[in-house]
There are 2 protein chains.
Amino acid sequence: MSERRGRKAPHTIDLALFTALRNQLAVLLWRTPEERERWALPWEHPTFDETLESAAGRIATEALGTTPGWLEQLAAFGGEKRHQSENDISVGFIGLIPAGTPPPVGGAYAWFPLGELPMLPPRQRAILDEAIAALRVRMDQSPVAFKLLPPAFTLSELQHMYELLLGKRLHKASFRRALQAAWLVEPTDEWRSEGRGRPAQLFRYAPRKRRPTQRGIRLDLLIS
Amino acid sequence: MSERRGRKAPHTIDLALFTALRNQLAVLLWRTPEERERWALPWEHPTFDETLESAAGRIATEALGTTPGWLEQLAAFGGEKRHQSENDISVGFIGLIPAGTPPPVGGAYAWFPLGELPMLPPRQRAILDEAIAALRVRMDQSPVAFKLLPPAFTLSELQHMYELLLGKRLHKASFRRALQAAWLVEPTDEWRSEGRGRPAQLFRYAPRKRRPTQRGIRLDLLIS
DNA sequence: CGAATTAGTCACTGAATAGGACTAATGTCA
DNA sequence: TGACATTAGTCCTATTCAGTGACTAATTCG
């Protein structure tokens, strides 16, 4: 094995990096200097001496300058839909970038709102579609909304992020009651005055252990 | 690409096939005729002309004689934990086999209850651990319990399967109310008399479309 | 100052849940 | 054959939880 150290593996790592931009979800795309109109997800062949996760983290950091607040494997993709590289399979990752992170400069990378996507290679299109679906599903299980926000945020910002992800309006009092019951945030001692209106207190994501929340069976969540 | 047709790919497909056995979850393991004490998950190098899913289905069918009622990709595994094969990465799949399916004969394959697992190669151990965790998580999203039962089952059997997966007792009336509300089963016109006691009606899994179940935000499901 | 605006809370109502207690239909055994 | 154990299936009630409108609080704007 060790003689392979540093050599390129035959598979690729493909990243679906999301952020919130102008009240929409957006994904980071990349184009080569040669082919100005062929956009693609950031991807690379990892070397044999890094784990899938560390390779994904490295590629994300190379693209953005910052490390994603969250990075998780989506799945492996293979089969008839070929990659632009001559590889056998691609491992897709989902990453979340806090809103307001300055966009990468130079023109090689750009954020695309999900409603305005250009053509993508077929396998990357499949990866992105599954990534979007997984985001919606994992929202309940993982702190997706929190990782799309900066470390300190107002409760209104958090609610708007949930509304963006869920695609529907939420009632303020209900949202805050649920948030309180879940022990997910803690207040900081800072307030932010956003133009007119009462200033909002800033909170941070600070999940606290709670006794295994004695919930009933939720058969109604089954997709059918 | 086409000149690769039929050739082996460098990655492997590894299967975590589960069934319910003697009131426990069990996983299918396999050993080579040469090495009688080295058990492993069923695995194989796929060929280039099949998709990941079809390769997984083929390997499962070769192992069991029957096709799993459910087969879904778990994730790709790579990095320092090496496979027994000289491969780069392994793609893990989860499969569910109805309880009571006759076990494969010949001694090459055997069901192991999760409490009595032998040593496994390190990467396969990781795959199995993640598969078990994913089973518990996806239970709410996918009809895991139903696919571990034969096509026709009693409501008590279904409840016992949920109790096995959740690791806790459920209240009969609550369970049935939730089941009714979810429109997941329909009665057959058969009844089964199981020794003493009133005979039970048999049901089948028959999910019916329902309008997008207007649920509240469930922040309390977030793992913390 | 008053109106507008945004933050944050309260209280009422209807729906969903946990759980005990009930009825129903069968086998067992004296 | 009749009491009883056993398993299936239903009903009812107290309690908890989510949806919602209306309230108070703190600030900017004019």
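The structure we're discussing is the one just above.
Residues numbered from 1 in each chain as written. Chains lettered and ligands numbered in written order. Predicted model: local features only at pLDDT ≥ 70, side-chain atom pairs only at ≥ 80, totals over all residues. Heavy atoms only, no water.

A few points about the overall build of chain A
Phase 1: When helices and strands are tallied, chain A shows five helices and ten strands.
Phase 2: Counting over 224 residues, chain A shows a buried share of 49%.
Phase 3: The contacts of chain A with a sequence gap of at least 6 include a subset with a gap of at least 24, amounting to 67%.
Phase 4: With an accessible surface of roughly 11,500 Å², chain A has 53% of that area assigned to carbon and sulfur atoms. (Helix = DSSP H or I, 4+ residues; strand = E, 2+ residues; numbered from the N terminus. Buried < 20%, exposed > 50% of the residue type's maximum accessible area, 1.4 Å probe, protein only. Contact = heavy atoms within 4.5 Å. Areas by Shrake-Rupley, 256 points an atom, 1.4 Å probe, with all protein chains shown as cover.)

What about the packing of helix α4 (residues 155-166) of chain B against helix α5 (residues 172-182) of chain B?
All names here are of chain B.
Phase 1: Put simply, α4 and α5 touch, their axes get as near as 11 Å, and they point 100° apart. For the element pair α4 / α5, the angle class is roughly perpendicular. Contacts from L155, S156, L158, Q159 and Y162 of α4 reach α5 at K172, F175, R176 and L179.
Phase 2: Class assignment of the residues belonging to the contact of α4 with α5 gives a composition of five nonpolar, two polar and two charged. (Axes fitted to C-alpha atoms, helices over the stretch in contact; angles between N-to-C directions. Parallel < 35°, antiparallel > 145°, perpendicular 65-115°, else oblique. Nonpolar A, V, L, I, M, F, W, Y, C, P; charged D, E, K, R; others polar.)

So, the protein's contact with DNA strand D
Phase 1: The local shell around DNA strand D holds 22 residues, among which H171(A), S174(A), S156(B), K172(B) and Q201(B) are the closest.
Phase 2: Within the side chain of R198(A), a nitrogen or oxygen atom sits 3.2 Å from a sugar or linking oxygen of DNA strand D.
Phase 3: Considered class by class, the residues forming the surface near DNA strand D number five nonpolar, eight polar and nine charged. (Near = heavy atom within 4 Å. Polar contact = N/O pair within 3.5 Å; in protein donor to acceptor, adjacent residues only side chain to side chain.)

A word on the sheet that holds strand β8 (residues 152-154) of chain A
Residue and element names in this part refer to chain A.
Phase 1: Ordered in space as β8-β10-β9, the three strands form an open sheet in which the pairing is antiparallel. Two strands in the sheet have a free side with no partner beyond their single neighbour: β8 and β9 (185-192). Between one strand and the next, the sheet's axes are offset by a mean angle of 45°, whatever the strand orientation.
Phase 2: Note: β8 against strand β10 (residues 200-205), three bridges, orientation antiparallel. Of the residues in β10, the one forming a bridge with A152 is R204.
Phase 3: Sheet contacts for helix α4 (residues 155-166): β8, β9 and β10; angle to β8, the most-contacted strand, approximately 85°. (Pairing = 2+ DSSP bridges.)

Things to note about unusual backbone geometry
Phase 1: Despite not being glycine, W183(A) has its phi angle at roughly 55°, a positive value.
Phase 2: Phi at N23(B) is positive, roughly 60°, even though this residue is not glycine.
Phase 3: Following the sequence through the fold, N23(B) ends up in the loop between β1 (12-21) and β2 (24-31).

A short note on α4(B)
Residue and element names in this part refer to chain B.
Phase 1: Across its twelve residues, α4 extends 16 Å between first and last C-alpha, which sits within 8% of the 16 Å expected from 1.5 Å per residue.
Phase 2: All buried positions along α4 are accounted for by L155, L158, Q159, M161, Y162, E163, L164 and L165.
Phase 3: Backbone geometry just after α4 places G167 at a positive phi near 70°. (Expected span 1.5 Å × (residues − 1).)

As for the pairing of strand β2 (residues 24-31) of chain A
Residues and elements named next belong to chain A.
Phase 1: Summarising burial for β2: six of the eight residues are buried, a large majority.
Phase 2: With four bridges connecting them, strand β1 (residues 12-21) and β2 associate as antiparallel partners. By the bridge assignment for β2, A20 is matched with L25.
Phase 3: From the end of β1 to the start of β2, which pair antiparallel, there are two residues, and R22 there has a positive phi angle of about 50°.
Phase 4: When β2 meets strand β7 (residues 109-113), the two strands line up antiparallel, connected through five bridges. Paired with V27 across the strands is F112, a residue of β7.
Phase 5: Where β2 lies against strand β3 (residues 39-40), two bridges are found, and the strand directions are antiparallel. Note on β3: the bridge partner recorded for W30 is A40.

Some details on the sheet that holds strand β10 (residues 200-205) of chain B
Residues and elements named next belong to chain B.
Phase 1: Taken together, three strands build an open sheet; the order of strands is β8-β10-β9 and the sheet is antiparallel. Whereas interior strands pair on both sides, the edge strands pair on one side only; in this sheet they are β8 (152-154) and β9 (185-192). For this sheet, the mean inter-axis angle between neighbouring strands, taken without regard to orientation, is 40°.
Phase 2: Sitting on the sheet, α4 touches β8, β9 and β10, and the angle it makes with β8 is about 85°.

Looking at the protein's contact with DNA strand C
Phase 1: Around DNA strand C, 23 residues are found, and the nearest of them are K172(A), R198(A), Q201(A), H171(B) and R177(B).
Phase 2: A breakdown of the atoms of DNA strand C within 4 Å of the protein gives sugar and phosphate a share of 58%.
Phase 3: G197(B) is positioned with one of its backbone polar atoms (N or O) 3.3 Å from a base oxygen of DNA strand C.
Phase 4: R198(B) places a side-chain nitrogen or oxygen 3.3 Å from a sugar or linking oxygen of DNA strand C.
Phase 5: Of all the elements, helix α5 (residues 172-182) of chain A adds the most residues to the surface near DNA strand C, at four residues.

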